[in-house]
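# Architecture at a glance
Here are the chains, one letter per residue:
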Amino acid sequence: MSLGSINDKYMPKGMPKYRDIVKGWLPRYTGMDLNLFGDYILLTNFKDYVTSFAEQFSCDIYGENKPMQAATNTSGVTIINFGIGSPNAATIMDLLCACNPKGVLFLGKCGGLKKSAEIGHFILPIAAIRGEGTSDDYFPPEVPALPSFKLHKFVSQKIYERGYDYRTGVVYTTNRRVWEHDRGFLTKLNQLRCIAIDMETATIFVVGHHNQISRGALLLVSDVPTTPEGVKTEESDEQVTKKWADIHLQLGIEAMSDIGSKGEKIRHFRY
Amino acid sequence: MSLGSINDKYMPKGMPKYRDIVKGWLPRYTGMDLNLFGDYILLTNFKDYVTSFAEQFSCDIYGENKPMQAATNTSGVTIINFGIGSPNAATIMDLLCACNPKGVLFLGKCGGLKKSAEIGHFILPIAAIRGEGTSDDYFPPEVPALPSFKLHKFVSQKIYERGYDYRTGVVYTTNRRVWEHDRGFLTKLNQLRCIAIDMETATIFVVGHHNQISRGALLLVSDVPTTPEGVKTEESDEQVTKKWADIHLQLGIEAMSDIGSKGEKIRHFRY
Amino acid sequence: MSLGSINDKYMPKGMPKYRDIVKGWLPRYTGMDLNLFGDYILLTNFKDYVTSFAEQFSCDIYGENKPMQAATNTSGVTIINFGIGSPNAATIMDLLCACNPKGVLFLGKCGGLKKSAEIGHFILPIAAIRGEGTSDDYFPPEVPALPSFKLHKFVSQKIYERGYDYRTGVVYTTNRRVWEHDRGFLTKLNQLRCIAIDMETATIFVVGHHNQISRGALLLVSDVPTTPEGVKTEESDEQVTKKWADIHLQLGIEAMSDIGSKGEKIRHFRY
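A quick note: this is a predicted structure, and the numbers were derived from the prediction, not measured. (Residues numbered from 1 in each chain as written. Chains lettered and ligands numbered in written order. Predicted model: local features only at pLDDT ≥ 70, side-chain atom pairs only at ≥ 80, totals over all residues. Heavy atoms only, no water.)

Moving on, we come to the overall build of chain A. Secondary structure summary: chain A contains seven helices and eight strands in total. Computed over its C-alpha atoms, the radius of gyration of chain A comes to 18 Å, within 12% of the 18 Å expected for a compact globule of 271 residues. Expressed along its principal axes, the backbone C-alpha trace of chain A runs to roughly 60 × 45 × 40 Å. Considering chain A as a whole, with its 271 residues, one finds that 59% of them fall into the buried category. For chain A, restricting intrachain contacts to residue pairs at least 6 apart in sequence, the fraction spanning at least 24 positions comes to 79%. When the accessible surface of chain A is split by element, carbon and sulfur atoms take 49% of a total near 11,500 Å². (Helix = DSSP H or I, 4+ residues; strand = E, 2+ residues; numbered from the N terminus. Rg over C-alpha atoms; globule rule 2.2 N^0.38 Å. Buried < 20%, exposed > 50% of the residue type's maximum accessible area, 1.4 Å probe, protein only. Contact = heavy atoms within 4.5 Å. Areas by Shrake-Rupley, 256 points an atom, 1.4 Å probe, with all protein chains shown as cover.)

Written as structure tokens, this is what we have:
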């Protein structure tokens, strides 16, 4: 199996270097120049989050006709809507090598798997199960998908100080969106004792680890698909958005704005 | 492993039925009402294709703030931009169960893997290797990822009659976008004798097979990432788009417009 | 694992070259001189087919006392009875390298697996599941067993023009002849959604792909072994033969006679 080792020296002569490729691709995917990227990145799947961010900070949105949209505020926080799914998550975590971010926080939505998990709760996953396959191209399956501890510690402190509650636990990341009727899959989720399911967290953690990028995820429970009344509908989704999405985004913005000055320094081992 | 069997009778009482879920979700993902979907569907990753389609037929684009955008012309052909990657491909092929399409053609771009494959060539893949994992939730790995023969036969005839050339062969579908510098991965692609690489085709074929939807893929070679001069750049991508994307879209539109009246009837076995 | 790469340069000194070996073996297996082989080949398991062919074209049958019998008509179509089973199928597809055929069509019989599949139907398999093991010596298991698209396109057109119907789908190729009472095996066939079962198709497809030979298969459903009345008997087999075998052979002859002049040119990528 390929371990995704990036090594320019094995490449055919004349082949562009890895870092040069991603430097070209990040602007191509987002429509935003490299020098406009801030040190701290918020990742989202929702165009709405980028729009709210841009309105709040009166900044431009780039990439309207590109696969990803991006905006940067004057504090050096950049928000990117990278789309849905683990391949897009891997792509943005690869492309971000072009701008050496100091921290990346994924603001995602997830499905709760516990009866006690209520819609609107926040989850700060301590790990994610790699049910998505995408991360297998980066590390063998026994490498756990983990956030950077100091980044999560800082985010958790922010949530706590703002008076909100959060849960920790393991999230299952899958490539499959419609699975509510697959009994075998539900049984497996239960056996693995996951508290939530999403489509990107494991990939962001593993590719971030591979590329030595500090990363985290703050997830909002937007549905509880294992109970009849919890399956997402047009109306339920709108209610979640109205009620919780603003707080979700604000927590992310505050955390990524302050972590540079107030957070503990994150050091990486070099391999 | 889950075989993705959908069976409403095992669900908790009160749980919405599978078909009811997707009937709610397809409009939620695309912003387009169910009754506006045509019998024949073009799938694309490019917003541009939807825009060109809508301009050509003077029809509305739905879902500007949704994960997917869609438009339908008066001949009953619908185009959907479902985004990038195998999870999105699986999602749209699941959601399309809501409107029972008679044929689905994916208009994608791919990376060529042969020296002889030149940028701008069309590929009509006879199969795809399931390197994406997503399709494993639907069928065990020995089930090949295949297009519907009669649909591809019709599309190939269209290309041939229009005086264009196409290549057939096996495409490798991966979840990884940036792999050009992974030597082991390149060696594997060569041993498997793939002619191109993309991120959706295997998933569309397998989930289409699972959901008994006639499907095909017409791919445009947009880069040849294994040669120094073939790696995609902003400029090279624009040149391909300018020169070939129009023809690509037109071939797709013509094929999906005429297959209902001129194609051989496609019958499905019931399992 | 062997990837079946044929490379004379790794051979001990003095070892005859691969092509020289098969040039000696093809005549030894069939009793027919190399220069008598036509450009287009029909493969069959049935001596009767060779006899009918020879009577129709008043040509000689070679190899009466050899493992395989062969005959060539004046249009350059050769028919070969290569015997039963995947090892024989691999052997003939290797030996045919000696005469560089432009197209090979397998006329085989198969067992139908669907209730709706009736005895006497034609199947043009879009792929075969490699349940036979033999093809693993040529390519790793993720490489699908496929016919050449343009060859099948031409054959399908012939069938259509002659007013017959055909079905497409995936065939399961096994090395086991008697499996009707293996419940687990039947369940697997059902989960894999195969429409028929045979003993050679996957091997012919994979070894043909390996040796860069254009290949196809036109299968005749000769029994439906999963239903009590469908298990093959002496009488049922004779009835099928009387009624359908002639048409089967004629469709094969016509397709292989005309494809050179009327078919689309098939190009191979070189690897």
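More follows now that the structure is in view.
So, about the nonpolar core. By size, the foremost hydrophobic cluster in this structure holds 178 residues, and its most contacted members are B:Leu43, B:Ile80, B:Leu96, C:Leu43, C:Ile80 and C:Leu96. Those residues in contact with B:Ile80 that sit more than four places away from it in its chain are B:Phe37, B:Ile41, B:Leu42, B:Leu43, B:Thr44, B:Val50, B:Met68, B:Gln69, B:Ala70, B:Ile92 and B:Leu96. Counting residues in each nonpolar core, the second largest holds 47 residues, with A:Ile21, A:Leu96, A:Cys99 and A:Tyr138 among its members. (Core = buried A, V, L, I, M, F, W, Y, C linked by side-chain atoms within 4.5 Å.)

Another aspect to go through is the packing of aromatic side chains. Applying the stated criterion across every chain, the model contains 23 aromatic pairs over all chains. The rings of A:Phe122, A:Tyr164 and A:Trp244 are connected pair by pair, giving a single aromatic cluster. Of note, B:Lys109 hangs over the ring of B:Phe46, and the distance from its end group to the ring centre comes to 4.3 Å. Over the face of the ring belonging to C:Tyr166 we find B:Lys150, whose NZ or CZ atom lies 4.6 Å from the ring centre. (Phe/Tyr/Trp six-rings, centres within 6.5 Å; stacked < 30°, edge-to-face > 60°. Lys NZ or Arg CZ within 6 Å of the ring centre and 35° of its normal.)

As a further point, take the packing of helix H3 (residues 86–95) of chain A against helix H6 (residues 201–210) of chain A. Residues and elements named next belong to chain A. Contact geometry for H3 and H6: axes closest at 9 Å, N-to-C directions at 30 degrees. In terms of orientation, H3 lies roughly parallel with respect to H6. For the pair H3 and H6, the crossing hand works out as right-handed. Side by side, H3 and H6 meet where Ser86, Ala89, Ala90, Met93 and Asp94 of the first sit next to Thr203, Ile204, Val207 and Gly208 of the second. Here the residues of the contact of H3 with H6 sort into five nonpolar, three polar and one charged. (Axes fitted to C-alpha atoms, helices over the stretch in contact; angles between N-to-C directions. Parallel < 35°, antiparallel > 145°, perpendicular 65-115°, else oblique. Left-handed = near helix turned anticlockwise from the far one by under 90°. Nonpolar A, V, L, I, M, F, W, Y, C, P; charged D, E, K, R; others polar.)

So, about the pattern of salt bridges. Tallying each qualifying case throughout the model produces 22 salt bridges over all chains. With its nearest N and O atoms 2.7 Å apart, the salt bridge here joins B:Lys158 to B:Asp258. Taken together, the positions of B:Lys158 in helix H4 (residues 149–161) and B:Asp258 in helix H7 (residues 234–262) put the pair 100 residues apart, joining distant regions of the chain. Both residues of the pair, B:Lys158 and B:Asp258, count as buried. For C:Asp182, the salt bridge goes to C:Arg176, with nearest N and O atoms at 2.9 Å. Overlapping salt bridges bring together A:Lys158, A:Asp258 and A:Lys262 as one network. (Salt bridge = Lys/Arg side-chain N within 4 Å of Asp/Glu carboxyl O.)

What follows concerns the interface of chain B and chain C. Every contact between the two is made by 39 residues of chain B and, on the other side, 39 residues of chain C. Roughly 3,800 Å² of surface becomes buried between chain B and chain C when both sides are summed, with 65% attributable to carbon and sulfur atoms. Summed over the shared surface of chain B and chain C, the result is zero salt bridges. Of all the elements in the fold, those that place two or more residues in the side of chain B that touches chain C are strand E5 (122–131), H4, strand E6 (166–174) and helix H6 (201–210) of chain B. Ranked by residues supplied to the side of chain B that touches chain C, first place goes to H4(B) with seven residues. For the side of chain B that touches chain C, a count of residues per class yields 20 nonpolar, nine polar and 10 charged. (Buried area = accessible area lost by both parts, 1.4 Å probe.)

Turning next to the relation of the copies chain B and chain C. Aligned on chain C, chain B shows an RMSD of 0.1 Å; the corresponding rotation is 180 degrees and the shift along the axis is 0.0 Å. Viewed as a symmetry operation, the transformation between the two copies matches a two-fold axis. Taken together, the interface assignments show that 100% of the residues at the interface of chain B recur at the interface of chain C, consistent with an identical surface on both copies. (Least-squares fit on C-alpha atoms with pLDDT ≥ 70 in both.)

This next bit is on the arrangement of the chains. For the two pairs of chains in contact, the largest share of contacts goes to chains A and B. Looking at chain A next to chain C, you find no contact at all, with the nearest C-alpha pair sitting 14 Å apart.

Before going further, it helps to spend a moment on the side chain of A:Asp198. Residue and element names in this part refer to chain A. Here Asp198 lies in strand E7 (residues 196–198). Notably, Asp198 is buried but unbridged: the nearest opposite-charge side chain belongs to Arg177, and the N-O separation is 11 Å. A distance of 2.9 Å separates a polar atom in the side chain of Asp198 from a polar atom in the side chain of Thr173. A polar contact of 2.6 Å, which involves the side chain of Asp198, links it to the side chain of Thr201. (Lys, Arg positive; Asp, Glu negative; His and termini not counted. Polar contact = N/O pair within 3.5 Å; in protein donor to acceptor, adjacent residues only side chain to side chain.)

What follows is about unusual backbone geometry. Residue and element names in this part refer to chain A. The backbone phi angle of Ser58 is positive, close to 50 degrees, even though this residue is not glycine. On the secondary structure map, Ser58 appears in the loop between helix H2 (47–57) and strand E2 (69–72). The phi dihedral of Gln212 falls on the positive side, at around 55 degrees, and the residue is not glycine. As for its placement among the helices and strands, Gln212 is situated in the loop between H6 and strand E8 (215–223). Owing to a relative accessible area of 27%, Gln212 belongs among the partly exposed residues under this scheme.

All names here are of chain A. Here chain A shows a mean pLDDT of 88. Residues at 70 or above account for 91%. Note on residues 1–5: pLDDT under 50 across the span, and 18 contacts to partners over four residues away in sequence or across chains. For this predicted complex, the interface confidence score (ipTM) comes to 0.78, while the overall pTM stands at 0.84. (pLDDT = per-residue confidence, 0-100.)

Take the pairing of strand E3 (residues 77–81) of chain A next. Residues and elements named next belong to chain A. Counted residue by residue, E3 has five buried out of five residues, so it is predominantly covered. By the alternation rule, side chains of E3 split into Val77, Ile79 and Asn81 and Thr78 and Ile80, which are all buried. As judged from the five bridges shared by strand E1 (residues 40–44) and E3, these two strands associate in the parallel manner. Paired with Tyr40 across the strands is Val77, a residue of E3. (Pairing = 2+ DSSP bridges.)

Time to look at the pairing of strand E1 (residues 40–44) of chain C. Residues and elements named next belong to chain C. Counting buried residues along E1, five of its five residues qualify, which places the element largely inside the surrounding structure. Both faces of E1 are covered, namely the face carrying Tyr40, Leu42 and Thr44 and the face carrying Ile41 and Leu43. In terms of strand pairing, E1 meets strand E4 (residues 103–112) through five bridges, oriented parallel. Each residue of the ladder has a partner; that of Leu43, found in E4, is Phe106.

This part takes up helix H2 (residues 47–57) of chain C. In an α-helix, one turn spans 3.6 residues, which is why side chains three or four residues apart end up on the same side. Residues and elements named next belong to chain C. Among all positions of H2, only Tyr49, Val50, Phe53 and Ala54 are buried. Buried residues of H2, seen end-on, are gathered within an arc of 130 degrees and therefore sit on one face of the element. The secondary structure elements touched by the buried residues of H2 are E1, strand E2 (69–72), strand E3 (77–81), E4, strand E8 (215–223) and helix H7 (234–262). Where H2 ends, the next residue or the one after it, Ser58, has phi of about 45 degrees, a positive value. (Arc of directions from axis to C-beta.)

We now examine the environment of A:Ser222. All names here are of chain A. With respect to the element layout, Ser222 can be found in strand E8. Its relative accessible area of 1% is what places Ser222 among the buried residues. Sequence separation of Ser222 and Ala202 is 20 residues, and the distance between their C-alpha atoms is 18 Å.

A separate point is H2(A). Among all positions of H2(A), only A:Lys47, A:Tyr49, A:Val50, A:Phe53 and A:Ala54 are buried. Buried residues in H2(A) make contact with E1, E2, E3, strand E4 (103–112), E8 and helix H7 (234–262) of chain A.

As for its placement among the helices and strands, B:Tyr29 is situated in helix H1 (residues 18–30). Contacts of B:Tyr29, omitting those with residues within four sequence positions, involve A:Arg177, B:Lys66, B:Pro67, B:Met68, B:Thr91 and B:Leu95. Side-chain polar atoms of B:Tyr29 contact the side chain of A:Arg177, separated by 3.0 Å.

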